[in-house]
Amino acid sequence: EKKRIGVLVMSYGTPESLDQVEAYYTHIRRGNPPSPEQLKELTDRYEAIVGGFFPLRENTNQQVAGLEETLNGMYPEYEFVCYQGLKHAVPYIEDGVHKMAKDGINHAVGIVLAPHFSTMSVGSYIKRAQQAAEEAGLAMSFVESYHLHPQLIDALSERVADTLQRFEDRNSVPVRVVFSAHSLPEKILETGDPYPQQMIETSEAVAEQAGVNSWQFSWQSAGQTAMPWLGPDILDTLKTLQEEGVRNVLVCPIGFVSDHLEVLYDLDIEAQKVAADLGLHLERTPSLNTDPKYMTTLAESVFSKLT
Ligand code: FEC
């Protein structure tokens, strides 16, 4: 009899339909409902993105199915069963843990569909899962980050190298590569949070493997709150680059693994508009989604927590 291992695959979550945007936004704001203006602004962004209103849901479903298949293919001595746990939408992280316990799972590993660790991002997913697991009497271990996994670096480097080909003038007009990730409030720096350093490590590794010398890192998608967020923001970076004389910019969003609002709106619509106004040629690397190299990254990271 094979040993059954539960895998809690955690992700940000997205509304199921437009009439659930308010509840979703209220959850992100820790129970404070958005103003009608804020709600309209977010709803408009969902309506503007291509690929359906909520591509993150289907993409996450496919990533979870892909991971289960990869795990069972790579490690046939075990039976892996994947469960979803979302941060801000159903099935919530706690729902996933309860389902594992109900299904008779005794051992489980948790992993987040985001490669870099911050106490405010991955750390908060793990904290919720850990608490629910303790209540349910379930033994769980967690993958904290996998931002330098060789298969992840491979998959990202390939994307950078391939997407550089879209700049037909690249031999005469240099391309600046900008790696990006979701900003967080600056206060994370006070506790020595590894998030910014891990971003630089991934950027360096990808640049080196892709043979890119001209690159920098920039934050994106900062929240609209009074507290300061990590910067520079990518929209400001585009202005600075234009002033420096740069004309070709390739953005590689290393902090995200799927097509969703922060990529399809914040980069493909908002940043593209700023770039067009500045006369810049902006391209973006395609998201990892179910890339087999990303699935292997996840599978090996999960497996490393079993032994
Ligand atoms: O496509 C979708 O439906 C969901 C896209 C989505 C992803 C995502 C990932 C991250 N976030 C992170 C941090 C924050 C912090 C706040 C915050 C707010 C929002 C809002 C929306 C939203 N986030 Fe998000 N995030 C996504 C969507 N995020 C919508 C609310 C409106 C707005 O501010 O634009 C601020 C919350 C607060 O007010 O306290 C902080 C981080 C990630 C990447 C890691 C991860 O995936 O967990 C970090 C995808």
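Overview of the structure. By convention here, each chain's residues receive numbers from 1 onward along its written sequence. Given that this is a predicted model, residues contribute local features only at a pLDDT of at least 70 and side-chain atom pairs are listed and counted only at 80 or more, while totals for whole chains, interfaces and linings are drawn from all residues.

We define the nonpolar core as any set of buried residues of the types Ala, Val, Leu, Ile, Met, Phe, Trp, Tyr and Cys, connected via C-beta atoms lying within 7 Å of each other. Exposure in this text rests on C-beta crowding, where 20 or more other C-beta atoms within 10 Å of a residue's own make it buried, 12 or fewer make it exposed, and counts in between make it partly exposed. The C-beta atoms are placed from the backbone. Residues V7 and A129 are the most contacted members of the largest nonpolar core, which totals 83 residues. Throughout, a pair of residues is in contact if the C-beta atoms placed from their backbones lie within 7 Å. Residue contacts for A129: discarding those within four places in its chain leaves L8, M10, G85, I93, V97, G110 and M140.

Taken in spatial order, the 4 strands make up an open sheet running β2-β1-β3-β4, and their pairing is parallel. Every other strand in the sheet has two partners, leaving β2 (78-86) and β4 (139-142) as the edge strands with one partner each. On average, adjacent strands in this sheet sit at an angle of 25° to one another, irrespective of strand direction. Paired strands are those between which DSSP finds at least two bridges. We count a stretch as a helix when DSSP gives it H or I for four or more residues in a row; a strand needs E for two or more, and each element gets its number in order from the N terminus. Inspection of the sheet shows strand β1 (residues 3-11) paired to strand β3 (residues 107-112) by 6 bridges, in the parallel sense. Paired with V7 across the bridge in β3 is V109. To get an axis, a line is fitted to the C-alpha atoms, and for a helix only the part in contact is used. The angle between two axes follows their N-to-C directions and goes from 0 to 180 degrees. Relative to the sheet, helix α3 (residues 55-74) contacts β1 and β2, its axis offset from that of β2 by approximately 165°.

Turning our eyes to something else, we now look at the packing of helix α6 (residues 150-164) against helix α11 (residues 292-304). Close contact between α6 and α11 brings their axes to 8 Å; oriented N to C, the two are set at 160°. Regarding the angle of α6 to α11, the classification is roughly antiparallel. Like other packed secondary-structure pairs, α6 and α11 cross with a definite hand, here left-handed. In contact with Q151, L152, D154 and A155 of α6, α11 contributes K293, Y294, T296 and T297. Nonpolar residues are Ala, Val, Leu, Ile, Met, Phe, Trp, Tyr, Cys and Pro. Charged residues are Asp, Glu, Lys and Arg, and all others, Gly as well, are polar. In terms of residue class, the contact of α6 with α11 is built from 3 nonpolar, 3 polar and 2 charged. Oblique is the label for any angle not covered by the other classes, which are roughly parallel (under 35 degrees), roughly antiparallel (over 145) and roughly perpendicular (65 to 115). Put simply, a crossing is left-handed when the front helix is turned counterclockwise from the back one by less than a right angle, and right-handed when it is turned clockwise.

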